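The primary structure of each chain is shown beneath.
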Amino acid sequence: VRLGSPDPRRAGAAGRDRQRRQADQFAANVLPVIAEVRQAGADTLGKIADALNARGIRTARGGPWFPATVRNVLTRATPQ
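Here is a short report on the structure shown in this document. Computed from a predicted structure; not experimentally measured.

1. Things to note about the overall build of the chain
Part 1 of the reasoning: In terms of helices and strands, the chain carries three helices and zero strands.
Part 2 of the reasoning: Here the C-alpha atoms of the chain give a radius of gyration of 17 Å, more than 25% beyond the 12 Å that 2.2 N^0.38 yields for 80 residues.
Part 3 of the reasoning: Along the first, second and third principal axes, the C-alpha set of the chain runs to 60 × 25 × 20 Å.
Part 4 of the reasoning: Within the chain, the proportion of its 80 residues that are buried is 19%.
Part 5 of the reasoning: Relative to all contacts within the chain whose residues are 6 or more apart in sequence, the contacts with residues 24 or more apart total 43%.
Part 6 of the reasoning: A total accessible area of about 6,000 Å² is found for the chain, and carbon and sulfur atoms account for 53% of it.
Part 7 of the reasoning: Here the chain carries 14 positive and 6 negative side-chain charges, and the mean point of each set is 8 Å from the other.

Structural data, given as structure tokens:
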């Protein structure tokens, strides 16, 4: 019996597409909160990260927010 995907390239592409969709969905869910935090006066990535952590909002992987993770979400939301 042969195990594994008959076409590993296709399986890898499907996995990347799924990860991309999940990341896009997470960003879409957290962007309204980021907008609210910005309206409350958070004007830097660090302040936004601190506000998200204070609210108990976790990153997609369940960790704390850092300026770079906020930047990554904002970059994902910007059309390329």
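2. Re the environment of Ile-48
Part 1 of the reasoning: Relative to the helices and strands, Ile-48 is located in helix H2 (residues 45-54).
Part 2 of the reasoning: Judged by its relative accessible area of 1%, Ile-48 is buried.
Part 3 of the reasoning: Residues Ile-48 and Leu-31, 17 residues apart in the sequence, show an inter-C-alpha distance of 11 Å.

Calculation criteria
- Residues numbered from 1 in each chain as written.
- Predicted model: local features only at pLDDT ≥ 70, side-chain atom pairs only at ≥ 80, totals over all residues.
- Heavy atoms only, no water.
- Helix = DSSP H or I, 4+ residues; strand = E, 2+ residues; numbered from the N terminus.
- Rg over C-alpha atoms; globule rule 2.2 N^0.38 Å.
- Buried < 20%, exposed > 50% of the residue type's maximum accessible area, 1.4 Å probe, protein only.
- Contact = heavy atoms within 4.5 Å.
- Areas by Shrake-Rupley, 256 points an atom, 1.4 Å probe, with all protein chains shown as cover.
- Lys, Arg positive; Asp, Glu negative; His and termini not counted.
- Charge placed at Lys NZ, Arg CZ, Asp CG, Glu CD.

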